[in-house]
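# A look at the structure
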Amino acid sequence: MSFSDDLRNNGWSKPTQKNETLIRRFSTTGDILAFKRCQRQYGVFSVRGFSSATATQRYFGTLVHDVLDQVHRQYTTNPTLPDQPELAALVQQAHDRLIRSGIRPYNSRAQRELATKLIGRFLELIGPHFFPHVQQTEYHLQRALRTHTNRQYVLDGIVDVLSGAVAHDLELSFSTDEDDVEIWDYKSGRRPDKGSVELRDYEYQMQVYAELYLQQTGEYPARAVLVFLGELGDDQRYKDGNKRRGDYIQSLLYVFHPQRKVVEKAMQDFHETVELIEAEHTKPYADQWLPPTHTVEPQTCEACELRYKCASFPAGGKQRSEPL
Amino acid sequence: MVDLEQFLDALARTSPDGKLPLNADQQLALEHDYTNPLWMIAGPGTGKTHTLAWLVLKRVLVDGVPANHIVFTTFTRKAAAELESRLIVNRQKLIDAGLAEAEEVEISEMLVGTLHGLCSRVLRDQRYEPTLHIRMLEDELTQQFFVRRIRNPLLNCDDVAFWARFRMVRANSPYPPNLAARTTNACKLFNRMTENNVDLAAMRASGDMHLLMLTDAYSQYQSKLSDSRRTDQAHLQLHFLEFLGTTAGQTWLADGFTVLVDEYQDTNPIQEQLYFTLAGSRADLTVCGDDDQSLYRFRGATVESLIEFDRACQVHLGRTPTAVYLSENRRSHPAIVQWVNDFIDHPEMRDPSVRVRAPGKPKLLAGSIINGMYPAVAGIVETSDQVAASKLCVLIQDLKDDGLIDDYSQVALLTFSTREVSQAIAPYSDALRTAGIPVHNPRSRMAQLDPRFLALLGGLSCLLDPNLDLSRLPSPLPTDVPQYLRNARSAFRNLISTGNHSDLERYLQDSLDAIENARFDPSLPRNFLLRGGGRHVTLSGLLYKLLGHEPFATDLADAAGGERLKALNLVLAEYESLFDHGELRLEVAPTGERRIAPWTLYNFYAVFVEGFHDGLNDPEDEDASVEPGKVNVMTIHQSKGLEFEVVFVLRPDKQPFVSDTHALEDELDPFSRRSKPVNRRSQDLRAAEDTVRLFFVAYSRAKHLLVLTGKLEPGKWDRVLPGATHVRNANDLSALGVHLL
């Protein structure tokens, strides 16, 4: 009789499988939109953890965010806005930190100059109406939620600015109230075309934040505002000395009012994407995170280290054969 | 808020049988009133995480602590994720049980995570300037790259007496450690200094030449960390402690947090200081752990944190903690519980002058539903490891074939070193693979020998250095590196020579031509290899280009291959971040063509390749502790917090040894800013304790069956057996209650 028989005949109880639920965290930009853009890129870099050089591409956006955050923090202790030399010094400090942390920008001097120009113009045009209303920057929103299949997950988000009624102060052309709460998000680039994937993604992100804000406070923010600082770059009117705020608002700010149905639709999509990601996790390694069957934006592929052999990017074959 | 009775009623309703899902000891912990700190000493399998998870919810719902005032830490990211998941599930259970107030509890507002994660999060949220955009030296290898990069003075230290003092070389050694060993040792010294939060001024004032040399080297390390906005894990905690001392930190801290710490037995002095600081004047501190499972002395942990918690509470808070002991083990068969109880009552663990174990600790009580009449503690005791391995394979196969286990992953092989070499566990891993039993051994330190890994590295080397001309390097390479490189290049050349990868061959040749003819401007101080458009070529860029070619592209889609290639990718990324961002400096050869500059090549070989050529672990899955479908081979350290139906403890012949860990404890203790124990045992005795604790952890992982497995030599197993019994042969082992197979 084998030892195994001995065990079975003497009361070995069948092991029970432990069913621990792992509840993951998901963020709009880091997970959901990244997955929707390209599930292969998301899976390889964000889930499997391969190292990507794309961090260097975030230099400009990070620089702009850091400086605006610093301006806000200084404003809370001393409610004045920096002049041009002070702003240049803040940009330089933020740049130094990024460089020392290992971020390697391309032509950083030009990028620093551009950041100083964009932020300087923003402060001049909007600053006095904006900073007095800022309640919090980098406002964390997070909630434990359930998908339509009852799967639990934690939704993470960081809103650039939670503010009072800036729109009211700016006397924008729609109905506002001085008690309004708004969520603002800075974008360092130009405003994307209407109907573009980029703009749709930005809106989606803000709809999700609106839902998180609702979960946290019981009501939607009065409006969501996207600021496209890149619009202030080479505006001829500004160069010509036109500092009338109203002339720039249209392109600089993209404002919308969170509507229940639209937000719910965004959240439904969010939940469905969480389910898709979770489903990928359960697949065998070789079948996980395959190139998507939908079209991927060319700029997504061009920035991806996997492009040299990827079904979503046929041009990668030619790039692969090029030296170096 | 609800009262305790309502909470307990709801808690009972979460169980199918309507009874509280807590035993009497656990309930005692839950009902603790928090006028004093709570000192929860919980043996293996006694449900400490289960208790803590309910305790946190009770603190919010009954005691009215706001969720965002709770700090709850544990030891690993994996454990932290599980903890948060458990809190969310438990909250939902309470809601489903009719406790509507639980809906108001927002788990995500709690600070749940590892202490490192918590430090990062708070420092980032608070925009603490010294840590803004700070980058972590993620692991030991990266820290070693950093120490090499900054040319720390200790790398030039030839003083044998210095290294011998810290037991980093034998006292009678004619040579100091080589460069690689000095690098490793320097990191170890610096980490221990930070973890002990040493008083540098006092070390300098000692006038001791070795300590002066050490503090100078440490100060250079700290200064370079700051200059390059880097931190290691220990320094992140130091930053956090410093932040808590600032005005902003004091404002954030206010009157303190409700702090709960799991795995407190592996806390180091700076962490202890942090926890007491975080608790602040509220003094609401719960620590939970098992001193008998303290394993991380070699990383600066001190079991004294838990054992002497009552004294530390007096020093820091002026209060006496309430001790609660969880002793009902619901994990293991009663015979296994008996075995671990007998074992921990080890002669090495008794000392009338020092607390070796937590005071008042009761024996474990068997409470598992696993209680068959079979022999649950068995031994495969042979005259050779090969024979033992063969028997082990038969038993595993029988267990699977006979349906006693459903999956191979219910079996674990635990041992001190999982390296697959003959002096460690190669006889066992080889036998399992020969028997067709799948094995998962991520910490075998063998990734660097995988043919795919070697070929990819060889490809990179062939691109940079077509002839491997070591004579033009500025300094000789470390001893074994040249041969390792030749092996890697052969692996790559062998791929090419199959004739199946003409694309790869063409890419290599075209790239070599491109380097030879690269743009070079002699008027510039430094020339780098550029692509069309002026972008710098980087090592990682080349690596991804290679990965785009076959056979690497296919290897990438295979689980084992993908993870091995990722290992190279990750090490390279860390190396690049410290050495020129992976950019490739050029020079002009005497014959006029361009080639990669000698220092670029030297660093690539002598720092990057040297870092892993003699051992590299596979990356480990962040989500899963255990690989399904395979027998998991683990170090005992790795198995902490886990449990398996069947545990084979391989080669229980580990002898205690005094190491640099113990020497460093004694050397740094006079300068450590911490509450110190009244007495401390000798280094020999502390080393002996460590061995006992290590095997206590190994034995207590088993649920159904524990099998001691190995080659028995007289006296070799004694230290890891109950009572340190002298065992000469298998019969002696049988007398201890081990069923011989």
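In what follows, the structure referred to is the one given above.
Numbers given to residues run from 1 along each chain, matching the order in which its sequence is written. As they are written, the chains are lettered A onward and the ligands numbered 1 onward, keeping that order. Local features in this predicted model are restricted to residues whose pLDDT is 70 or higher, and side-chain atom pairs enter the listing and the counts only when it is 80 or higher, whereas totals over whole chains, interfaces and linings include all residues. Calculation of side-chain values draws on the structure's entire complement of heavy atoms; hydrogens and water are dropped beforehand.

Turning our attention to the overall build of chain A. Only runs of H or I of at least four residues qualify as helices and only runs of E of at least two qualify as strands under DSSP, and these elements are numbered from the N terminus. Summing up its helical and strand segments, chain A has 14 helices and 6 strands in all. Here the C-alpha coordinates of chain A stretch approximately 95 × 55 × 35 Å along the principal axes. Summary of the burial criterion: residues with accessible area below 20% of their type's maximum are buried, those above 50% are exposed, and those between are partly exposed, where the area comes from a 1.4 Å probe applied to protein chains only. Burial statistics for chain A: of 324 residues in total, 52% are counted as buried. A contact between two residues is defined here by any heavy atoms of the two lying within 4.5 Å. Expressed as a percentage of contacts within chain A between residues at least 6 apart in sequence, the contacts between residues at least 24 apart total 70%. Only the protein chains shown count as cover for residues, with accessible areas throughout obtained via the Shrake-Rupley method and a probe of 1.4 Å. With the model as given, the accessible surface of chain A reaches about 15300 Å², and the carbon-plus-sulfur share is 47%. Neither His nor the chain ends is counted toward charge; the positive residues are Lys and Arg and the negative residues Asp and Glu. Here the site of a charge means atom NZ of a Lys, CZ of an Arg, CG of an Asp or CD of a Glu. Charge-centre separation for chain A: the mean point of 40 positive side chains lies 6 Å from the mean point of 44 negative side chains.

Here the focus is the pairing of strand β3 (residues 111-114) of chain B. Looking along a regular strand, one sees the side chains alternate between the two faces of the sheet. Residue and element names in this part refer to chain B. Pairing between strands requires that DSSP locate at least two bridges from one strand to the other. Of the pairings in the sheet, the one linking strand β2 (residues 70-74) to β3 comprises 4 bridges and is parallel in character. Bridge pairing in β3 links T73 to G113. After leaving β2, the chain enters helix α4 (residues 77-96) and then returns to the sheet as β3, a path that is right-handed. Place the viewer so that the strands point away; then a crossover is right-handed whenever the path from the first strand over the helix to the second strand goes clockwise.

Attention now goes to the packing of helix α24 (residues 559-578) of chain B against helix α25 (residues 598-612) of chain B. Residue and element names in this part refer to chain B. Simply put, an axis is a line fit to the C-alpha atoms, just over the touching stretch for a helix, and the angle between two N-to-C directions goes from 0 to 180 degrees. Interhelical geometry of α24 versus α25 gives an angle of 130 degrees and a closest axis separation of 11 Å. With respect to each other, α24 and α25 are oriented oblique. Judged by the sense of rotation from one axis to the other, the crossing of α24 with α25 is right-handed. On α25, the residues that touch L568, V571, L572 and Y575 of α24 are T600, N603, F604, V607, F608 and F612. Only Asp, Glu, Lys and Arg are considered charged in this grouping, and only Ala, Val, Leu, Ile, Met, Phe, Trp, Tyr, Cys and Pro are considered nonpolar; every other residue, Gly among them, is considered polar. Here the residues of the contact of α24 with α25 are counted per class, giving 8 nonpolar, 2 polar and no charged. If an angle is under 35 degrees, it is roughly parallel; if it is over 145, roughly antiparallel; if it lies from 65 to 115, roughly perpendicular; otherwise it is oblique. Note on convention: the crossing is left-handed when the near helix lies turned anticlockwise from the far helix by less than a right angle, right-handed when the turn is clockwise.

Moving on: the sheet that holds strand β13 (residues 439-440) of chain B. All names here are of chain B. Across the sheet, 7 strands lie side by side as β13-β16-β12-β17-β18-β11-β19; this open sheet has parallel pairing. The open sheet has two free edges, formed respectively by β13 and β19 (739-740), since each of these has just one partner strand. By the bridge criterion, 4 bridges tie strand β12 (residues 411-415) to strand β17 (residues 644-650) in an arrangement that is parallel. Each residue of the ladder has a partner; that of L413, found in β17, is F648. Contacts between helix α16 (residues 334-344) and the sheet are confined to β11 (377-382) and β18 (702-711), with β18 contributing the most and set at about 55 degrees to the helix.

Residue and element names in this part refer to chain B. Turning to its location among the elements, S173 is positioned in the loop between α7 (160-165) and α8 (179-195). Residue class for S173 comes out buried when judged on its relative accessible area of 14%. Residues adjacent in sequence count toward polar contacts only when both atoms are side-chain atoms; beyond that, a polar contact is any pair of N or O atoms within 3.5 Å, and within protein one must be able to donate a hydrogen and the other to accept it. Separated by 2.7 Å, the side chain of S173 and the backbone oxygen of Y175 make a polar contact.

Here the focus is the pattern of salt bridges. Residues and elements named next belong to chain B. Counted as salt bridges are all cases of a side-chain nitrogen of Lys or Arg within 4 Å of a carboxyl oxygen of Asp or Glu. As enumerated under the stated definition, the model contains 80 salt bridges over all chains in all. In this structure, R564 and D618 form a salt bridge, with 2.6 Å as the shortest nitrogen-oxygen distance. Highlighted residues: R564 in helix α24 and D618 in the loop between α25 and β16 (631-635), separated in sequence by 54 residues. D618 matches R564 in its accessibility class, with the two residues each being buried.

With that out of the way, let us pick up the packing of aromatic side chains. Aromatic rings considered in pairs are described by the distance between their centres and by the relative angle of their planes. All names here are of chain A. Ring geometry is summarised as follows: Phe, Tyr and Trp rings, the Trp one being its six-membered ring, pair when their centres sit within 6.5 Å, and such pairs are stacked at plane angles under 30 degrees, edge-to-face over 60 and tilted between the two. Enumeration over the complete set of coordinates arrives at 43 aromatic pairs over all chains. Taken together, a centroid distance of 6.2 Å and an interplanar angle of 85 degrees make the contact between F122 and Y186 edge-to-face. Of the two residues, F122 is situated in helix α6 (residues 108-125) and Y186 in strand β4 (residues 182-187); the sequence distance between them amounts to 64 residues. Given the relative accessible area of 6%, Y186 is considered buried.

Residue and element names in this part refer to chain B. Summarising burial for helix α6 (residues 140-149): 8 of the 10 residues are buried, a large majority. The secondary structure elements touched by the buried residues of α6 are α8, α10 (209-227), β5 (230-231), α24 and α25. Looking one or two residues past α6, R151 carries a phi angle of roughly 50 degrees, positive in sign.

The subject of this paragraph is the pairing of strand β2 (residues 134-146) of chain A. Residue and element names in this part refer to chain A. One ladder, built from 11 bridges, connects β2 with strand β3 (residues 152-163); its direction is antiparallel. Its bridge partner being in β3, L141 is matched across the sheet by G157. Once β2 ends, the chain turns through 5 residues before running back antiparallel as β3, passing N150 with a positive phi of about 75 degrees.

Here we come to the state of the cysteines. Residue and element names in this part refer to chain A. Throughout, a disulfide means two cysteine sulfur atoms within 2.5 Å of one another. Inspection of every chain in the model, using the stated rule, returns 0 disulfides over all chains. The thiol of C38 is not disulfide-bonded; the next cysteine sulfur, from C310, is found 5.8 Å away. You can call C38 buried: its relative accessible area is 7%.

Counting residues at the interface gives 77 residues for chain B, matched by 61 residues for chain A. Where chain B touches chain A, the interface holds 7 salt bridges. Between E84(B) and R25(A) there is a salt bridge, and its shortest N-O distance comes to 2.4 Å. At the junction of chain B and chain A, the tally comes to 31 residue pairs in polar contact (both at pLDDT 80 or more). At 8 residues, the largest contribution of residues to the side of chain B that touches chain A is made by α24(B). Tallied by class, the residues present in the side of chain B that touches chain A amount to 31 nonpolar, 18 polar and 28 charged.

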